[in-house]
Amino acid sequence: MTNLHYEIVVAGGGHAGAEAALAASRMGCSTLLVSLRKDTIGQMSCNPAIGGQAKGHLVKEIDALGGEMGLAIDRTGIQYRRLNLSRGPAVHSSRAQADRKLYREYITGAVLNQGNLDFLEDAVVDLEVNGSHVSAAITEGGRKINCRCLIITAGTFLNGLIHIGRKKIPAGRMGEKPSLGLSEKLIALGFKSGRLKTGTPPRLDGKTIDYSRTESQYGDPDFPPFSFRSNSINGNKAICHITFTNQDTHRIILDNLDSSAMYSGQIKGIGPRYCPSIEDKVVRFRDKDRHQIFLEPEGLDTDLIYPNGFPTSLDEEVQKKAIKTVIGLEEVEFTQPGYAIEYDFFFPYQIYTTTETKLIEGLYFSGQVNGTSGYEEAAAQGLMSGINAALKIKNEKPFSLLRSEAYIGVLMDDLTTKSTEEPYRMFTSRAEHRLYLREDNADERLFKYGYKFGLIAEEHYQKFLEESAEQKKHRQSLKRLFIEVKKLPADFLNNGRTKITFEKALKVPGVGIDLLKEYDDALAELSGRILKKIEIEVKYQGYLERQMREIEKFDKLEHERIPDNFDYAFCKGLKTEAAEKLNRLRPATVGQASRISGISPGDITVLTIYLKKFKEGLRVALKEKEH
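The following paragraphs examine the structure supplied in this document. In this text, all values refer to a predicted model and were calculated from it rather than measured experimentally.

With that settled, the discussion passes to the environment of K320. Within the secondary structure, K320 sits in helix 8 (residues 316-323). Taking the C-alpha atoms as reference points, K320 and L435, separated by 115 residues in sequence, lie 44 Å from one another.

The structure is reproduced here in structure tokens:
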């Protein structure tokens, strides 16, 4: 057996693995990324897009912490769109269609050209544990890689099984073998596992689609980069199209449900509630006459089309028959059938918010292995794993984010306190403080951490500080500048005033920062990003102030830590169910404990009383020891 030595080993080269490996190596640790194929690092296994509702927030936060995803999509996107602009700024989200090949090549290049980072074409199938600490990763090729930290980001490869109708194919994704043996080893070590399912649509030959019968969807011309470190984006170079299923489509699907792997009972894993298969949509929403399908190009130098909205595990012939009833797709040809994939995951109550496992020190889980769904959720976890593994190597304090600080904080808190029994997807509705956790201010919230860890370069951090100072200065200037009331919308009630401050004018419905900058040269010179931040701060000042007060109250509970050795069985008055859940989930703080399903306010009151007694007992014991 060949022996290798690295401080950190990352198993899996998807979105989580790439971010983990890049972060750890950039923080100065010798890192090895182990994945089956070099040419699939950063592969988009499903839809060729980054961002979307709440997912765009995650991408901005990954970028502000020094991750790569935002930079990658700025360089390789082919259509960029802003979502939910008719609603408030809390839910404004960015989404970009990517060139699948270019995106993969960009991430591959970032990984292979990174210092302190090596790559090995192999698969981690086993691990060694010394006491309660991971000590080595064992590969399928017979290599033993000694390490102090191991990050597992296996995605859908853990005992992956593809379903196309009644056909079963052991695979991690189409054309790639699954990872066998690692799940069994982790279960033997005491980890609790489950089975999940996800699906993907067929791939279509764009040359056989009649686009004249579909609706064209164009990108937004004024799209700000995903990355705070980018000056520009790749640009809108592709057109997407929209079409719809119909009653004929639905009839074919309903008549052939027995050929669906999901409806035949062949699949045991639980599928994603918020991204159901087309057969699931047709069954659950029988009152709907049609369902939307987005025809998304997979790249600029290919005719492959991804029909977003048509994931399926129906028999291949049934898939073809059904999709040919869709407007514009009557003559369409398949290049690959749609399929469902079943895979192992490990219940995420078994990890800390740092992604380190509670059972084995130095072992980290990231991505779909924790039950999440989506590139962005995976990348966020991978980044947290890479940062925390590097901090462990440096013997520094671990890093986690509060729910009030970031969507990443919400993600990790939800996973560790609520766990999950179905694929977890991020939504803005999951964040209590979403008006504060906006896309536009992710740099204000998180740049300090990225800079502290050495993942944000000095030049970018200094530029951020300069922009922040400019923003603050011009925000204050709005209180001193005046505009004539006659220049405001005609329905503004001026109460006899002839002038009001820019600040008050900006709070008038229908008045935006673009109007005000016409009357002040200094404002007109500011970047659109700074102007937008100023506008949001003024228009939503009252709501933001109230939210910050709520965050202050929230943070008191978040900083009330629960000792690792605290025994809930001694808390008299705590319901049996509550004690069992608290002992199983082991929340780090009282705030986390309060969010566990089934834990009542009364249980938290009892917990805080006994925590106080426990900590007082520790203080007394320490004093006696000193004397």
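On a regular strand, each side chain points to the face opposite its neighbour's, so the side chains alternate between the two faces of the sheet. For strand 9 (residues 133-139), the buried fraction is high: five of the seven residues fall into the buried class. Strand direction decides the pairing type here: strand 8 (residues 124-130) and strand 9, joined by six bridges, are antiparallel. Bridged to E128 within strand 9 is A136. Between strand 8 and strand 9, which pair antiparallel in sequence order, lie two residues; one of them, G131, sits at a positive phi of approximately 70 degrees. Sheet topology note: the strand 9/strand 10 (residues 143-146) ladder contains three bridges and is antiparallel. Along strand 10, the bridge assignment pairs I138 with K144. From the end of strand 9 to the start of strand 10, which pair antiparallel, there are three residues, and G142 there has a positive phi angle of about 90 degrees.

Moving on, we get to the sheet that holds strand 10. Taken together, four strands build an open sheet; the order of strands is 1-10-9-8 and the sheet is mixed. The strands lining the two open edges of the sheet, one partner per strand, are strand 1 (2-5) and strand 8. Recorded for the sheet is a direction-independent mean angle of 25 degrees between the axes of neighbouring strands. Here strand 1 pairs with strand 10 via four bridges, running parallel.

This paragraph deals with the pairing of strand 19 (residues 304-308). Bridge analysis of strand 15 (residues 203-205) against strand 19 gives two bridges, and the strand direction is antiparallel. Its bridge partner being in strand 19, D205 is matched across the sheet by L304.

Rules used throughout
Every chain's residues receive numbers from 1 upward, in the order its sequence appears when written. Residue-level local features of this predicted model are given only where pLDDT is at least 70; pairs of side-chain atoms are given and counted only at 80 or more, and the full residue set underlies all totals for whole chains, interfaces and linings. Each side-chain value is derived from all of the structure's non-hydrogen atoms; neither hydrogens nor water enter the calculation. Elements are defined by DSSP. Helices are runs of H or I of four residues or more, strands are runs of E of two residues or more, and each kind is numbered from the N terminus. The cut-offs for exposure are 20% and 50% of the maximum accessible area for each residue type, with area from a 1.4 Å probe on protein chains only; residues under the lower value are buried, those over the upper are exposed, and the others partly exposed. Any two strands with at least two DSSP-identified bridges between them are counted as paired. Note on definitions: angles span 0 to 180 degrees between N-to-C directions of axes, and those axes are lines fitted to C-alpha atoms, for helices only across the stretch in contact.

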